[in-house]
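The residues making up each chain are set out below.
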Amino acid sequence: MNVSEVMVQYLKAAGVGHVFGYPGDPNVEFMEAARRSGMQFVLGRREGTAGLMAEAYGFLTGRPGVCMSTLGPGSSNLVNAVANAWLDRVPMIAISGQIERKREQTFTHQVLDHGRMFSPVSKWATHVAPDTVGSVMRKALRTAMAERPGPVHITTHADVVGAAATDDAIVLPPLSAAGGSFQVFASGTERSDIADRLRKAKRPVVLAGIAAQRANAHQALSRLADTVGLPVVVAPMSKGVLDEENPWYAGTLDMACNALMWDFLKGCDLLLAVGFDAVELIKPWQLSVPTVHIDATPNTDQVYPADTELVGDIVAILESIAAAWKGAPKWKPAAVKRHREALRAAYYAGRVKGHLNPTDVVDAVREAMPRETIATTDVGSHKLLVGQGWTAHEPRSVLMSNGLSSMGYSLPAAIVAKLLNPARPVVCFVGDGGLAMVQGELRLAASLGLDLLVVVFCDGSLNRIEIKQANRNYPSWGTLIEPTDLAQLAPAMGCEGVMVDSSAALGRLLAGKRPKDRPLVVGARIDPSQYTAQF
Ligand SMILES: Cc1ncc(C[n+]2csc(CCOP(=O)(O)OP(=O)(O)O)c2C)c(N)n1
Ligand SMILES: [Mg+2]
């Protein structure tokens, strides 16, 4: 095998079936190896979006998402997506071509130092050679997948990609978070201590986050909530880790209604932070209640203080606490229901009667789409409403970037969600600013025949930033964006497109037939004034 073939065999062995990328000449050997081994290649319209597709692949499958670029401008274009996977904690193998090794130090045209460029945004930035490729791939896959997962960047030099590999044994390491056996570091005593502390607490609450979702802790979490009678607040990227119709679901943190959510948490007297990753916090930590950190990794960030850490298999830890539990439920479901009702009321604050409000759009789409729908959302004011208002029922059914929070994520993510789940409806929520960044991918979605529903919040503004200007009494300057007629843009991209101005028109549109073989792009001309009331 040549070096590229060994790399591809490792990726296949790790269960990866897709490469998302944009090629240049140093990639040709790798692409041919991928083609011959039956991998699918998805040609994003730029490296940045192809990389975000790989991130969504990693999020949805729990296996590394693979993206590929050429040297120089391709690799610098890829940086944003690699950084996004880094802060969203998603396993990724990012591959960039490079000039031949003997010219790398001295030649200048298109040559950038990948090691220095990718090191700050990846778990490991490395390169392969004929006598190292097998070992590097083992370490790269293991590193990308280990808690906390993230991206590994691999440089493939032009003189290496087609060279015969000598380090060519395919021996896949265990790729689960901790390997074959996942140890619970907390002792049995510590775990029953937690049950004891729960018993003594009056108002304990769980704050669940992305590590809980990665650990597939959804069942263990709902069992613990049922057993102990515990409200569960979720972090945005873990939406769906508890069915939001579950009576113990108590809202999403740091999205719309943020003040009310923090007040709810401030009312607790013991917090179990279950796989909660502080990368999702927008504001500084506001609580001074005793906190127990339950996670696959120690609380090294120290963004929030925890007096006790239970580190290991989150499912096993939650189950052992539930098993050690004796006593009456701590909360009554009616109390959690009252909180959820207050949350709902706050969510609708600032609605303007007779106008198309952002929450009207979220509601209409949720109502029209079945339970099993996968939703993706972009970054901006609309995300904060979708993040609180969209009712999620299953783990990994809501995709958003909330670590790096890069605009332009939701359309590439929706493409991958549909590609991997052809039978499930997929809706992409995006702002007019975010869509403008990545609208070339509509053509890709159409050419793949994906029947996405793309819902665009058209407010002619980078609203989230415009609001910050208004808060300081500054005029909107550099934050207005010219309206685009999506009814014209979408067909030029092979999609269907409609602009709507009212709830009634949106309702009619969603109740009608949608195309089955291409995206429907709905431009919702919203009145953004509700956003001002919210944030
Ligand atoms: C790549 C990137 N650039 C800039 C930002 C800063 N930013 C956050 S929200 C936002 C406005 C987004 O506008 P739009 O997509 O129209 O959404 P809206 O806020 O109007 O709902 C900006 C510029 C970002 N998060 N990501
Ligand atoms: Mg906007």
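Below, the structure is looked at part by part. The structure presented is a predicted model; accordingly, all values stated were derived computationally and were not measured.

Calculation rules
- Residues numbered from 1 in each chain as written.
- Chains lettered and ligands numbered in written order.
- Predicted model: local features only at pLDDT ≥ 70, side-chain atom pairs only at ≥ 80, totals over all residues.
- Heavy atoms only, no water.
- Pairing = 2+ DSSP bridges.
- Helix = DSSP H or I, 4+ residues; strand = E, 2+ residues; numbered from the N terminus.
- Axes fitted to C-alpha atoms, helices over the stretch in contact; angles between N-to-C directions.
- Contact = heavy atoms within 4.5 Å.
- Salt bridge = Lys/Arg side-chain N within 4 Å of Asp/Glu carboxyl O.
- Buried < 20%, exposed > 50% of the residue type's maximum accessible area, 1.4 Å probe, protein only.
- Parallel < 35°, antiparallel > 145°, perpendicular 65-115°, else oblique.
- Left-handed = near helix turned anticlockwise from the far one by under 90°.
- Near = heavy atom within 4 Å.
- Polar contact = N/O pair within 3.5 Å; in protein donor to acceptor, adjacent residues only side chain to side chain.
- Areas by Shrake-Rupley, 256 points an atom, 1.4 Å probe, with all protein chains shown as cover.
- Nonpolar A, V, L, I, M, F, W, Y, C, P; charged D, E, K, R; others polar.
- Donors = N, O, S within 2.8 Å, 3.2 Å for Na, K, Ca; no water.

## Thoughts on the sheet that holds strand 14 (residues 398-400)
Backbone-to-backbone hydrogen bonds pair the strands of a sheet. The strands run either parallel or antiparallel.
Part 1 of the reasoning: Spatially, six strands are ordered 14-13-15-16-18-17 in an open sheet, and the strand pairing comes out parallel. Edge positions in the open sheet fall to strand 14 and strand 17 (496-500), since each of these has one partner strand only. Geometrically, the sheet is characterised by an average inter-axis angle of 15° between neighbouring strands, direction not taken into account.
Part 2 of the reasoning: Judged from the six bridges that link them, strand 16 (residues 453-458) and strand 18 (residues 520-525) form a sheet pairing that is parallel. Residue pairing for strand 18: Val455 is matched across the bridge by Val522.
Part 3 of the reasoning: Where helix 14 (residues 358-368) meets the sheet, its contacts fall on strand 15 (426-431), strand 16 and strand 18, and the angle it forms with strand 16 comes to roughly 170°.
Part 4 of the reasoning: Packed onto the sheet, helix 21 (residues 503-511) meets strand 16, strand 17 and strand 18 and runs at close to 155° relative to strand 17.

## Points about the pattern of salt bridges
Pairs can form between side chains of opposite charge once their charged atoms are near each other.
Part 1 of the reasoning: Tallied over the full model, the rule gives 25 salt bridges.
Part 2 of the reasoning: For Lys239, the salt bridge is made with Glu244, and the minimal N-O distance between the two is 2.9 Å. Across the pair, exposure class does not vary: Lys239 and Glu244 are buried alike.
Part 3 of the reasoning: Between Asp243 and Arg371 there is a salt bridge, and its shortest N-O distance comes to 3.1 Å. In this pair, Asp243 sits in the loop between strand 8 (232-234) and strand 9 (249-252) while Arg371 sits in the loop between helix 14 and strand 13 (374-377), placing the two residues 128 residues apart along the sequence.
Part 4 of the reasoning: Exposure remark for Asp243: the relative accessible area of 23% places this residue in the partly exposed category.

## Focus: the packing of helix 1 (residues 3-13) against helix 7 (residues 133-145)
Part 1 of the reasoning: Interhelical geometry of helix 1 versus helix 7 gives an angle of 30° and a closest axis separation of 10 Å. Comparing their axes, helix 7 and helix 1 come out roughly parallel. Note that helix 1 runs across helix 7; the crossing there is right-handed. In this structure, helix 1 contributes Val3, Val6, Met7, Tyr10 and Leu11 to the contact, and helix 7 contributes Val133, Gly134, Met137, Arg138 and Leu141.

## Considerations on the site of ligand 1
Part 1 of the reasoning: Lining the immediate environment of ligand 1, one finds 18 residues, of which Ser381, His382, Asp432, Gly433 and Gly434 sit closest.
Part 2 of the reasoning: Within the backbone of Ser381, an N or O atom sits 2.8 Å from an oxygen atom of ligand 1.
Part 3 of the reasoning: For ligand 1, the protein covers 78% of the area, taking 590 Å² as the surface of the free molecule.
Part 4 of the reasoning: Mapped by element, the contributors of at least two residues to the shell around ligand 1 are helix 15 (381-389), helix 17 (432-438) and helix 19 (463-471).
Part 5 of the reasoning: With four residues, the top contributor of residues to the shell around ligand 1 is helix 17.
Part 6 of the reasoning: Grouping the amino acids of the shell around ligand 1 by side-chain chemistry returns five nonpolar, ten polar and three charged.

## Observations concerning the coordination of the magnesium ion (ligand 2)
Part 1 of the reasoning: All of the protein donors around the magnesium ion (ligand 2) are Asp432 (OD), Asp459 (OD) and Ser461 (O); their distances to the metal are 2.1 to 2.2 Å.
Part 2 of the reasoning: As a motif over one chain, the donors of the magnesium ion (ligand 2) read D-x26-D-x1-S. With Asp432 in helix 17 and Ser461 in the loop between strand 16 and helix 19, the pair connects residues that are 29 residues apart, well separated along the chain. Ser461 matches Asp432 in its accessibility class, with the two residues each being buried.

Everything listed here is a matter of geometry and, on its own, says nothing about what the molecule does.
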